[in-house]
Amino acid sequence: MAAAGRATVAGLFVYPVKSCGGTAVDRTEVDAFGFRDDRRWMIVDERGDFLTQRTEPLLATIRVGLDAGRLSFRSPGRRELVVEAEPRNGVPERVTVWRDTVDAVAVDEAADAWVSSVLGRPARLVWMPPDSRRPAKRDPGDVDPRISFADAYPFLVLSRESLDELNARLETPLPMNRFRPNIVFEGAGAFAEDRWSRFRIGAVEFDAAGACARCATTTTDQENGARGVEPLRTLATFRRRGNEAIFGQNAVHRGRGEIRVGMPVEVLR
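Basis of the calculations
- Residues numbered from 1 in each chain as written.
- Predicted model: local features only at pLDDT ≥ 70, side-chain atom pairs only at ≥ 80, totals over all residues.
- Heavy atoms only, no water.
- Core = buried A, V, L, I, M, F, W, Y, C linked by side-chain atoms within 4.5 Å.
- Buried < 20%, exposed > 50% of the residue type's maximum accessible area, 1.4 Å probe, protein only.
- Helix = DSSP H or I, 4+ residues; strand = E, 2+ residues; numbered from the N terminus.
- Contact = heavy atoms within 4.5 Å.
- Polar contact = N/O pair within 3.5 Å; in protein donor to acceptor, adjacent residues only side chain to side chain.
- pLDDT = per-residue confidence, 0-100.
- Salt bridge = Lys/Arg side-chain N within 4 Å of Asp/Glu carboxyl O.

1. Considering the nonpolar core
Then step 1. One finds Ile43, Phe73 and Leu125 to be the most contacted residues of the largest nonpolar core, which totals 23 residues.
Then step 2. Of all the elements in the fold, those that place two or more residues in this core are strand E4 (41-44), strand E6 (70-74), strand E7 (81-84), helix H1 (109-119) and strand E10 (124-127).
Then step 3. Apart from the residues lying within four places of it in its own chain, the contact partners of phenylalanine 73 are Val17, Ile62, Arg63, Val64, Arg79, Glu80, Leu81, Val83, Trp114 and Leu125.
Then step 4. Core analysis: the next-biggest nonpolar cluster, separate from the first, contains 21 residues, Val14, Ile201, Ile259 and Val265 among them.

Okay, here's the thing in structure tokens:
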């Protein structure tokens, strides 16, 4: 394995709407929730329960842009929709993501109709306001981390070499977007993230929060929503922990700051 100190940031990804398409960026800010604008919006059903690719694989086909305070939505065969990202007169409500019930605000009825047409079922778009508080699943660094609508932690980190190792075992290699990381690094070797306890990028420190147990989202083609069996079938042969296939490391952050592609990753512990 290459020296851990030689690791550098190879990719950064932000997912404005939970379970919809992500955006690769060259730089971004870390705020109280994680990456700025990462999963601050979410699609829910009529009861306010969260929807993800686990049950709605067509969410993968929705591409979301965020610019100048406006959200844009695109999906094959549909006209682009643009709405205000942060509703000025939205109705406050309580929504559920996993076991957490949190404060949210309804965004726009036009967005609700557009998303419902893609999924073929009633659905609504909500936003998490700055004063909404949701704790991370685990607090490894004793820093009381808060999260957006992410599954359990603000960040998922993964090395490019880890994907290379997996793809070497697959008949058809898979792209990085199947695994929806926030930070991709390179230079430390395959599965180096498993051994990191604390690391720093720029002014921001991160505490590892545990390996990421992978779900059906990884078997979903992020271009068309088609479902397969890989990579879970192969991961289970060499990355199995109990009943789970693990790939990537969850993390929580300490402080704020800018992170850019090309920055060194300093392993502290």
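2. Concerning the side chain of threonine 61
Then step 1. Here threonine 61 lies in the loop between E4 and strand E5 (63-67).
Then step 2. For threonine 61, a relative accessible area of 8% translates into the label buried.
Then step 3. From its side chain, threonine 61 meets the backbone oxygen of leucine 58 in a polar contact 2.7 Å long.
Then step 4. Not counting residues within four places of it along the chain, the set of residues in contact with threonine 61 comprises Arg74, Ser75, Pro76, Val118, Glu223, Asn224 and Gly225.

3. Observations concerning the confidence of the model for the protein chain
Then step 1. Taken over all residues, the pLDDT of the protein chain has a mean of 95, while the share at 70 or more is 98%.
Then step 2. A low-confidence stretch, residues 1-5 (pLDDT under 50), is modelled with 13 contacts involving residues beyond four sequence positions or located in other chains.

4. Overview of the pattern of salt bridges
Then step 1. Under the defined criterion, the tally for this structure stands at 22 salt bridges.
Then step 2. Residue arginine 70 is joined to glutamate 84 by a salt bridge in which the shortest nitrogen-to-oxygen separation is 2.5 Å. With arginine 70 in strand E6 and glutamate 84 in strand E7, this pair connects stretches of sequence that are 14 residues apart.
Then step 3. On the basis of relative accessible area, arginine 70 is assigned to the partly exposed category, the value being 35%.
Then step 4. Among the ionic pairs, aspartate 103 bridges to arginine 94, the shortest N-O distance being 3.0 Å.
Then step 5. Salt bridges linked by common partners bring Lys18, Arg54 and Asp151 together as one network.

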